[in-house]
Amino acid sequence: MTPEEFRRRGHAVIDWIADYQKRIESFPVLSRSKPGELRAALPEEPPETGEDFDAVMRDLDELILPGITHWQSPNFFAYFPANASGPSILGELISAGLGVQGMLWATSPACTELETHVLDWLVGMLGLPDKFKSSGDGGGVIQDTASSATLCALLAARERATGFRSDEKGCDGTLVAYASTQAHSSIEKAVRIAGLGSRNLRLIEVDKKYSMRPDLLVSRIVADRAAELVPCFVCANVGTTSSLAVDPVPEIGRICREEGIWLHVDAAMAGTAALCPEYRFINEGVELADSYCFNPHKWMFTNFDCDCFYVADRSSLIRTLSILPEYLRNRPTESGAVIDYRDWHIPLGRRFRALKLWMVIRHYGVEGLRHHVRAHVGLAQELADRIEKAEHFELAVRPLLNLVCFRHKGGDDLNMRLMEELNTDGRIYITHTKLDGRITLRFSIGQTNTQRRHVEDAWRLIEETAGRLEKD
Ligand SMILES: *Cc1c(COP(=O)(O)O)cnc(C)c1O
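Below or above, wherever it landed, is the structure these notes cover. Note that the structure is a prediction, hence the values are computed from the model and not measured. (Residues numbered from 1 in each chain as written. Predicted model: local features only at pLDDT ≥ 70, side-chain atom pairs only at ≥ 80, totals over all residues. Heavy atoms only, no water.)

Here the focus is the overall build of the protein. A count of helical and extended segments in the protein gives 16 helices and eleven strands. Computed over the C-alpha atoms, the radius of gyration of the protein is 24 Å, within 12% of the 23 Å expected from 2.2 N^0.38 for a compact globule of 472 residues. The principal-axis extent of the C-alpha atoms belonging to the protein is close to 60 × 60 × 45 Å. Across the protein, contacts joining residues at least 24 apart in sequence account for 73% of those joining residues at least 6 apart. A total of about 22,000 Å² of accessible surface is found on the protein, and carbon and sulfur atoms cover 52% of it. Computing the positive centroid from 55 side-chain charges and the negative centroid from 66, the protein places the two 3 Å apart. (Helix = DSSP H or I, 4+ residues; strand = E, 2+ residues; numbered from the N terminus. Rg over C-alpha atoms; globule rule 2.2 N^0.38 Å. Contact = heavy atoms within 4.5 Å. Areas by Shrake-Rupley, 256 points an atom, 1.4 Å probe, with all protein chains shown as cover. Lys, Arg positive; Asp, Glu negative; His and termini not counted. Charge placed at Lys NZ, Arg CZ, Asp CG, Glu CD.)

The next subject is the packing of helix α15 (residues 412–425) against helix α16 (residues 452–471). One can describe the packing of α15 onto α16 by two numbers: an axis separation of 10 Å at closest approach and a directional angle of 125°. The angle between α15 and α16 places the two elements in the oblique class. When you trace α15 past α16, the crossing you get is right-handed. Between α15 and α16, the contacting residues are L414, R417, L418, E421, L422 and D425 on the first element and L461, I462, T465, A466, R468 and L469 on the second. In terms of residue class, the contact of α15 with α16 is made up of seven nonpolar, one polar and four charged. (Axes fitted to C-alpha atoms, helices over the stretch in contact; angles between N-to-C directions. Parallel < 35°, antiparallel > 145°, perpendicular 65-115°, else oblique. Left-handed = near helix turned anticlockwise from the far one by under 90°. Nonpolar A, V, L, I, M, F, W, Y, C, P; charged D, E, K, R; others polar.)

Take the sheet that holds strand β7 (residues 307–311) next. Reading across the sheet, the seven strands line up as β1-β7-β6-β5-β4-β2-β3 and stay open at both edges, with mixed pairing between neighbours. The two strands at the open ends of the sheet, each matched to only one other strand, are β1 (139–143) and β3 (201–204). Across the sheet, the mean angle separating the axes of adjacent strands is 20° when strand polarity is ignored. Strands β1, β6 (291–294) and β7 of the sheet are contacted by helix α5 (residues 109–126), whose axis makes an angle of about 80° with β7. (Pairing = 2+ DSSP bridges.)

Before going further, it helps to spend a moment on the site of the ligand. The environment of the ligand is made up of 14 residues, and the closest members are A146, S147, D266, N295 and K298. One of the side-chain nitrogen or oxygen atoms of N295 is found 2.9 Å away from an oxygen atom of the ligand. K298 has a polar side-chain atom sitting 2.8 Å from an oxygen atom of the ligand. Contact with the protein chains hides 92% of the accessible area of the ligand, taken as 390 Å² for the molecule alone. For the shell around the ligand, the secondary structure elements donating two or more residues are α6 (146–161) and α11 (296–299). (Near = heavy atom within 4 Å. Polar contact = N/O pair within 3.5 Å; in protein donor to acceptor, adjacent residues only side chain to side chain.)

With that settled, consider the pairing of strand β5 (residues 262–266). Judged by how many residues are buried, β5 sits mostly within the fold: five of five residues are covered. The β-α-β motif built from strand β4 (residues 230–237), the intervening helix α10 (residues 249–259) and the parallel element β5 has right-handed crossover chirality. Inspection of the sheet shows β5 paired to β6 by three bridges, in the parallel sense. In the sheet register, H264 faces β6, and the bridge partner there is S291. (Buried < 20%, exposed > 50% of the residue type's maximum accessible area, 1.4 Å probe, protein only. Right-handed = clockwise from strand over helix to strand, strands pointing away.)

So, on to the side chain of N415. By secondary structure assignment, the location of N415 is in helix α15. A relative accessible area of 0% places N415 in the buried class.

Strand order in the open sheet formed by four strands is β8-β9-β11-β10, with antiparallel pairing between adjacent strands. Looking at which strands have only one partner, the edges of the open sheet turn out to be β8 (393–397) and β10 (431–435). Pairs of neighbouring strands in the sheet enclose a mean axial angle of 45°, with direction left out of account. Summarising the sheet, β10 and strand β11 (residues 438–444) pair through five bridges and their orientation is antiparallel. Residue pairing in the sheet places T431 in a bridge with R442 of β11. Packed on one face of the sheet, helix α14 (residues 354–389) meets β8, β9 (403–408) and β11 and runs near 20° to β9.

On inspection of all chains with the given rule, the structure shows 34 salt bridges. In this structure, R9 engages D54 in a salt bridge whose closest nitrogen and oxygen atoms are separated by 2.9 Å. With a gap of 45 residues between them, R9 in helix α1 (residues 3–23) and D54 in helix α3 (residues 53–64) connect regions that are remote in the sequence. Taking relative accessible area as the criterion, R9 reaches 11% and is therefore assigned buried. What makes D54 partly exposed here is its relative accessible area of 38%. Between R351 and E92 there is a salt bridge whose closest N-O contact spans 2.9 Å. Here the residue R351 occupies a position in the loop between α13 (331–335) and α14, and E92 occupies one in helix α4 (residues 86–98), the gap between them amounting to 259 residues. Put simply, E92, D305, R351, R353 and K356 are held in one network by salt bridges that share partners. (Salt bridge = Lys/Arg side-chain N within 4 Å of Asp/Glu carboxyl O.)

In structure tokens form, the structure reads like this:
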């Protein structure tokens, strides 16, 4: 593809994306594709000779689009947002156009330095402790996902707890990690991958608001020490996936300090809220954390994938993950004056992700980002008020930010039928969880273009659909 042909096709592709954005509300939010349907429509063998790009674009419309669940629809209220924005999409495109590999500072200095700079900006933007800035002992790095950030935090915690010897000898089955019963599944995955074994993950019970009970954390640590085990890692949630519960980080942090345990704070979804000073209560206690992560790819208008991971002491992380083979040796690395992000995460190679984040922040400005976050939280609070007043519905918990957990009073079966009915209808998409053993519907507000009318229409649809099911 010559630059001229690329220019022509590229314009058409941008048109395609802009048209997609314009007509996105006309699609069923949840794809109606059946298992195997797309594969059955694709040719058995790849083309032997190159095909016309127009034919590819036609298949995009006819074959691919029906198999898409529209995460960028303003009527997408399922799971959690994975929102996006124009500047982010363009940043992603430029990153692809440059096609650099930023494993070392030397392999593309701007890729590293823009990342360091934007992550330092974000410390200030979110009101995080200064110790996470690269100017001190800490620093931030972009990871693909919160799952990877948690794994890196756990690996560094494991090494710190064993005098950096388990990297060499492997784990001996005595290290223990802690999280609440509401913690994300990525914590258990990290515990498995890091070699601690899921048997050595303690899930601590929660209180009525689904926040970890620090008294039970302490008693579990004491019991583990008595059994000659080595507590090494606590993951505190700031915004659980099920209900957006926040663990008492100040208390958990004090416990971790006293016990010499690494504290990681997982704020994957909720962290973005700290852009707004009035929601900074979610950062309480974070100054006691050894590491912290949040996902701009969830609620901060930045395309997947982009997780910001901070450590208070970068040397533990780097010592855990750094290996310097001869073929990567270079003068800037040896000078010690540069950051080589390959030592801050699991893969060697890395994309230029900071570009999209930089473009998002510059396009919106901090005030612009706050505006959208506040709007989402406001809509969630309005919806919660309606649910509180609705005869047949109840809130499972008062929403802290942008996630509304509620249920129909008619029981688990009715709630599941209601959700299935709504998602089949296609005008909205919601998902569920279990809280206190009961089916709970989750209505997550965070897509970039979701406005009051979308939430109001959705609620009307939910009430109407429930009304029909009650009569069955
Ligand atoms: C979404 C989420 C995760 C996992 O995020 P990935 O970036 O997909 O790994 C982890 N923890 C919490 C609290 C989340 O909301």
